[in-house]
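Survey of secondary and tertiary structure
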Amino acid sequence: MATALLDAARQVLRRRFRVVLLIRDAYARLEANTDALHAVWTDLRAALRLLVAWARRSYRQVPTASLVLLVAALLYFVTPIDVVPDPLGALGFVDDIAVIQTAVDTVRHELDQFRTWEEQRTLPSS
């Protein structure tokens, strides 16, 4: 299953439009399940902002392997076929949270660099 997700992620990354659609679906799912996803809320939102910036071509300082991993985690998150079915409420998101957390932990350095880049863009220039 992991290999299939990574292959699917590579396919998604070949077309920016597919990335944008995935981001849209992930935001919708995140907003609809805020309480269940509290543990990964901040990092998942940062990962989505990173992908938005990458798709807009305003932020490109992220290795392809990190992009593939984040997209694969998002694909798992938005796909209705899970190890633990989501209709089980908060319990149904345990597997989603584990996949997202693993991806985020693996690309933590890139997310931190992206957050620094975001902060520098929002600071008023002197």
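To start, this report covers the structure provided alongside it. (Residues numbered from 1 in each chain as written. Predicted model: local features only at pLDDT ≥ 70, side-chain atom pairs only at ≥ 80, totals over all residues. Heavy atoms only, no water.)

**Focus: empty space enclosed by the protein**
As enumerated under the stated definition, the model contains 1 cavity of 30 Å³ or more in all. Here the residues of the lining of the largest cavity are counted per class, giving 9 nonpolar, no polar and no charged. (1 Å grid on protein atoms, 1.4 Å probe; cavity = no way out; pocket = protein on both sides within 12 Å on 5 of 7 lines; lining within 4 Å. Points joined across faces, edges and corners; volume = space filled by probe spheres on them. Nonpolar A, V, L, I, M, F, W, Y, C, P; charged D, E, K, R; others polar.)

**Side note on the packing of aromatic side chains**
Tallied over the entire structure, the rule returns 3 aromatic pairs. Measuring from ring centre to ring centre gives 5.0 Å for tyrosine 59 and phenylalanine 114, while their planes differ by 75 degrees; the resulting arrangement is edge-to-face. Remark: phenylalanine 114 occurs in helix H6 (residues 108–122) and tyrosine 59 occurs in the loop between helix H3 (41–55) and helix H4 (64–78); sequence separation between them is 55 residues. By relative accessible area, tyrosine 59 is classed as buried at 2%. The exposure class assigned to phenylalanine 114 is buried, which follows from its relative accessible area of 1%. Ring centres of tyrosine 59 and tryptophan 117 lie 4.8 Å apart, and the angle between their planes is 50 degrees; this geometry places the pair in the tilted category. Of the two residues, tyrosine 59 sits in the loop between H3 and H4 while tryptophan 117 sits in helix H6, which places them 58 residues apart along the sequence. The same class applies to tyrosine 59 and to tryptophan 117, which are both buried. Within the aromatic cluster, the residues linked to one another by ring pairs are Tyr59, Phe114 and Trp117. Positioned above the aromatic ring of phenylalanine 77 is the side chain of arginine 29, whose terminal nitrogen or guanidinium carbon lies 5.3 Å from the ring centre. (Phe/Tyr/Trp six-rings, centres within 6.5 Å; stacked < 30°, edge-to-face > 60°. Helix = DSSP H or I, 4+ residues; strand = E, 2+ residues; numbered from the N terminus. Buried < 20%, exposed > 50% of the residue type's maximum accessible area, 1.4 Å probe, protein only. Lys NZ or Arg CZ within 6 Å of the ring centre and 35° of its normal.)

**Notes on the pattern of salt bridges**
Inspection of the entire model under this criterion finds 8 salt bridges. With a shortest N-O distance of 3.0 Å, aspartate 43 and arginine 108 are connected by a salt bridge. Pair noted here: aspartate 43 is in helix H3 and arginine 108 is in helix H6, with a separation of 65 residues, a long-range link. Judged by its relative accessible area of 26%, arginine 108 is partly exposed. A salt bridge links arginine 115 to aspartate 112; its shortest N-O distance comes to 3.6 Å. One end of the pair is arginine 115 and the other is aspartate 112, both in helix H6 and 3 residues apart, which spans about a single turn. Judged by relative accessible area, which is 18%, arginine 115 ranks as buried. Under the relative-accessibility criterion, aspartate 112 is labelled partly exposed at 36%. One connected set of salt bridges, linked through shared partners, spans Asp43, Asp105, Arg108, Asp112 and Arg115. (Salt bridge = Lys/Arg side-chain N within 4 Å of Asp/Glu carboxyl O.)

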